[in-house]
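Each chain, letter by letter, is given below.
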Amino acid sequence: MEQNIEDYKLIFEKEGVYLHTNAKRSNQDTTIPGFIRIVERAGVPALEWSPLEDEGRSAPAVLYTKKDGDGVEEDANYDPGYEPDWAVISTVKKDREHVPVRDSGQWSFSLPLSELYSLRRARFSLGRNFLVFTSRGGHPLPPLHFHRGGTRELFRAMNRYIILDQSPVDGRLFLAYPHDPGALSQSFDRLQLFDDGSDLVSRFIQDPYATTFGGFSKVTNFFKVALRPPGPATHSRAAHDPSFPPQSDEEPGFELINCGVELGPRPDVTRGRPLDKWEEFLDPEGRVKNPERIKEIVFRGGVTPTLRREVWKFLLGFYPWNSTHKEREDILRVKTDEYFRMKVQWKSVSEEQEMRNSLLKGYRSLIERDVSRTDRNNTFFSGNDNPGLTLLNDVLMTYCMFNFDLGYVQGMSDLLSPLLFVTQNEVESFWCLTGFMELVHQNFEESQEAMKKQLLQLSILLKALDPELCDFLDSQDSGSLCFCFRWLLIWFKREFSFEDILTMWEVVWSRLPCDNFHLLIACSILQSQRGELIGSDHDFNTILKHINELTMQLDLQTVLRGAEAIYLQLTQCKELPLKVQQVMGLYVPSSSEEDSPDSQASETLRLLAESQAGAASCDSAPVPTYP
């Protein structure tokens, strides 16, 4: 584009914004990479998009990258041959064939902001989120997908010239109005558009390496950033104004956490021995006499491999703790019948029927693809024509019949494989999976609200524990902690060895010592890396790379000791912020003194003192008890 330099002023520019030429027909969707800009031409502000080709640059449609083993240049055109991991929602539509990038000059556009009528968040195939701008003449522009984020900065730049206000009848529609200097009350938090994580699904589909660590909006500085007056085309690392007043947030769950109190020293923690006796905990009829004692031992040291098959069925709710031997036989018989009734439902679907059931066909295709690459290094699933793979496939297909609303989502095969390995039984592994999914099913829902909430809660905890580390991550655009997304999605399954995951999961299934103990595990890992991160030359990209390379490098027992020590340190703080107490389940509103936070904290400290004494004593000593 040629323009008179005196009449042209660049206000904002962002690369990696894909224009979709036919987004509603998923099999014919061409994506053209380009630039989005806010410019002034002769003093008139305009929104512009132009393809990379118009900039004199090469514009391959790079969807995947492969790291070269020698650390040299990446192969930008690498296609792994399958849909990558971490597509958070069910993607059961027909596979989209890649359409080569065409001559895209015809797609450039320039729209004066005074002619912008509205923008809409739209969702098309594969769960991708797009922005669709509509002119005052009623003509929608092609959908734009921000592959590398940047919506927050774009709208901050637009706010210099116009106001965007959410439609009272359509939560996805935002109307444009002339700028009113007194309209700062139209705060960015109302827009709910600056959460770059809203496009997390699409980026997982297109680039699993980078997007595992992608971009939910920052939490601790969200409002300061969103409400800061926009300047020239600067980016998100501008210095914070210490005099800027804190903004309240009407949306539940968001709170700026500034602990401001001394947490005190972090105590030393000793792990215990695993549960290695079972029969002595049963009464003559087979009831577990002291379930809480079992959970305490499991939390302290896990379960010996020979007992896992039995104990896991109690931890995951397949068997009630107070059931007798006879009742468990009856439960197994009933559950076996129920399982095979559901299995017959999908087994009896003919090929002709399946051709007219795209949802079931999509689930089957996705399951077959994931099963073929799940834990293949484990002997139970290795080799071709392995019966373990058949069981993995059949259990996942049957789960689709059990929970058809959720169906199958990538990542669920990672949750099932350890269950199947331990139980060595199709029916038992299925019902253990349903119990596990009761704990984590919200992780896989399309809205991603549960994942956003957990990342927010993790940020709240880390801000209270280590403000310096949080400030450093913020300064490198990593304060959103979205590099922890995979950790939380499938409970660290890809971060530890297979055997370590068996121990970690049973520890967390004990539900001790508090709610969200898995978040304290994440805090323990992050704080173990603070020396490597703070004071280094790490930037956003190298932080992501460093976190990714922790896979299989972490010592589980060290991490668990750190997580429990964090719990003890926080509970000993008498002025712990309310939000932190809520994340950990330490605060339950009550008018009675015995239920007050102070009373709970005192009881917790007493029990924790017993815990440490028990861990240091011989096997016959009382096992530590957590509330």
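Residues numbered from 1 in each chain as written. Predicted model: local features only at pLDDT ≥ 70, side-chain atom pairs only at ≥ 80, totals over all residues. Heavy atoms only, no water.

- An unreviewed UniProt entry annotates the protein as TBC1 domain family member 15 originating from Champsocephalus gunnari.
- What UniProt states about the protein under its Subcellular location (unreviewed entry) heading is, verbatim, "Cytoplasm".
- Per UniProt, the comment on the protein under Function (unreviewed entry) is "Acts as a GTPase activating protein for RAB7A. Does not act on RAB4, RAB5 or RAB6." (UniProt positions renumbered as here; feature names shortened; annotations may be inferred.)

### Considerations on the overall build of the protein
Item 1. Counting its secondary structure elements, the protein contains 23 helices and nine strands.
Item 2. When the 627 residues of the protein are sorted by exposure, 53% land in the buried category.
Item 3. In the protein, once contacts between residues fewer than 6 apart in sequence are set aside, the share between residues at least 24 apart is 69%.
Item 4. If you sum the accessible surface of the protein, you get close to 28600 Å²; carbon and sulfur atoms cover 49% of it. (Helix = DSSP H or I, 4+ residues; strand = E, 2+ residues; numbered from the N terminus. Buried < 20%, exposed > 50% of the residue type's maximum accessible area, 1.4 Å probe, protein only. Contact = heavy atoms within 4.5 Å. Areas by Shrake-Rupley, 256 points an atom, 1.4 Å probe, with all protein chains shown as cover.)

### Considering helix 21 (residues 556-571)
Item 1. Under the 1.5 Å per step criterion, the end-to-end length of helix 21 is 23 Å for 16 residues, consistent within 8% with the ideal 22 Å.
Item 2. Among the 16 residues in helix 21, 13 count as buried, and that is most of the element. (Expected span 1.5 Å × (residues − 1).)

### A look at the packing of helix 10 (residues 358-371) against helix 11 (residues 387-402)
What describes two packed helices is the angle between their axes and the distance between those same axes.
Item 1. Where helix 10 contacts helix 11, the two axes come as close as 10 Å, and the packing angle between them is 150 degrees. On the basis of the axis angle, helix 10 is roughly antiparallel to helix 11. The handedness of the crossing between helix 10 and helix 11 is right-handed. Of helix 11, the residues touching helix 10 (which contributes Leu-360, Tyr-363, Arg-364, Ile-367, Glu-368 and Val-371) are Leu-389, Leu-392, Asn-393, Leu-396, Met-397, Cys-400 and Met-401.
Item 2. Residues belonging to the contact of helix 10 with helix 11 are distributed by class as follows: 10 nonpolar, one polar and two charged. (Axes fitted to C-alpha atoms, helices over the stretch in contact; angles between N-to-C directions. Parallel < 35°, antiparallel > 145°, perpendicular 65-115°, else oblique. Left-handed = near helix turned anticlockwise from the far one by under 90°. Nonpolar A, V, L, I, M, F, W, Y, C, P; charged D, E, K, R; others polar.)

### Topic: unusual backbone geometry
Item 1. Note the cis peptide between Leu-512 and Pro-513, where omega equals 0 degrees.
Item 2. Following the sequence through the fold, Pro-513 ends up in the loop between helix 17 (498-509) and helix 18 (517-528).
Item 3. With a phi angle near 55 degrees, Asp-385 is a residue other than glycine that sits in the positive phi range.
Item 4. Relative to the helices and strands, Asp-385 is located in the loop between helix 10 and helix 11.
Item 5. Phi is positive for Gln-448, close to 65 degrees, though the residue is something other than glycine.
Item 6. Tracing the sequence through the fold places Gln-448 in the loop between helix 13 (426-440) and helix 14 (449-465).
Item 7. A residue is classified by how much of its surface remains accessible, and Gln-448, at 3% relative accessible area, is buried.

### With respect to the side chain of Ser-478
Item 1. In this fold, Ser-478 is placed in the loop between helix 15 (467-475) and helix 16 (485-489).
Item 2. Note on Ser-478: relative accessible area 1%, which makes it buried.
Item 3. When near neighbours in sequence (up to four residues on either side) are disregarded, Ser-478 contacts Leu-473, Phe-483, Phe-540 and Ile-543.

### Quick notes on the pattern of salt bridges
Item 1. Inspection of every chain in the model, using the stated rule, returns 29 salt bridges.
Item 2. We note a salt bridge from Glu-468 to Arg-530, for which the minimum N-O separation is 3.2 Å. In this pair, Glu-468 is assigned in helix 15 and Arg-530 in helix 19 (residues 530-533), connecting sequence segments 62 residues apart.
Item 3. Owing to a relative accessible area of 47%, Glu-468 belongs among the partly exposed residues under this scheme.
Item 4. For Arg-530, a relative accessible area of 27% puts it in the partly exposed group.
Item 5. Here Glu-549 ties to Lys-545 by a salt bridge, and the two come within 2.5 Å at their closest N and O atoms.
Item 6. The class for Glu-549 is partly exposed, based on a relative accessible area of 45%. (Salt bridge = Lys/Arg side-chain N within 4 Å of Asp/Glu carboxyl O.)

### Things to note about the packing of aromatic side chains
Item 1. Within the structure shown, the criterion is met by 22 aromatic pairs.
Item 2. Arranged with centres 5.1 Å apart and planes meeting at 85 degrees, the rings of Phe-421 and Phe-498 form a pair that is edge-to-face. Here Phe-421 is found in helix 12 (residues 412-423), whereas its partner Phe-498 is found in helix 17, with 77 residues between them in sequence.
Item 3. A residue is classified by how much of its surface remains accessible, and Phe-421, at 27% relative accessible area, is partly exposed.
Item 4. Assessed through its relative accessible area of 19%, Phe-498 is described here as buried.
Item 5. Linked through ring pairs, Tyr-339, Phe-340, Tyr-399, Phe-402, Phe-430 and Trp-431 together constitute an aromatic cluster.
Item 6. Seen from the ring of Phe-299, Arg-271 lies directly overhead, with NZ or CZ sitting 5.9 Å from the centre. (Phe/Tyr/Trp six-rings, centres within 6.5 Å; stacked < 30°, edge-to-face > 60°. Lys NZ or Arg CZ within 6 Å of the ring centre and 35° of its normal.)

### Observations regarding the environment of Phe-496
Item 1. Note that Phe-496 resides in the loop between helix 16 and helix 17.
Item 2. Note: C-alpha distance between Phe-496 and Met-552 (56 residues apart in sequence) is 4.9 Å.
Item 3. Residues contacting Phe-496, with those up to four places away along its chain left out, are Ile-501, Met-504, Ile-525, Met-552, Leu-554, Asp-555, Leu-556 and Val-559.

### Here we look at the packing of helix 7 (residues 305-315) against helix 12
Item 1. Relative to each other, helix 7 and helix 12 sit at 120 degrees, their axes nearing to 8 Å. Of the possible angle classes, the one that applies to helix 7 and helix 12 is oblique. On helix 12, the residues touching Arg-308, Arg-309 and Trp-312 of helix 7 are Pro-418, Leu-419, Val-422 and Thr-423.
Item 2. For the contact of helix 7 with helix 12, the residue count by class is four nonpolar, one polar and two charged.

### Let's talk about the environment of Tyr-408
Item 1. Tracing the backbone shows Tyr-408 in the loop between helix 11 and helix 12.
Item 2. Residue class for Tyr-408 comes out buried when judged on its relative accessible area of 0%.
Item 3. The sequence separation of Tyr-408 and Tyr-363 amounts to 45 residues, and the corresponding C-alpha distance is 5.9 Å.
Item 4. In this structure the side chain of Tyr-408 is engaged in a polar contact, spanning 2.7 Å, whose partner is the side chain of Asp-370.
Item 5. Separated by 3.4 Å, the side chains of Tyr-408 and Ser-413 make a polar contact. (Polar contact = N/O pair within 3.5 Å; in protein donor to acceptor, adjacent residues only side chain to side chain.)

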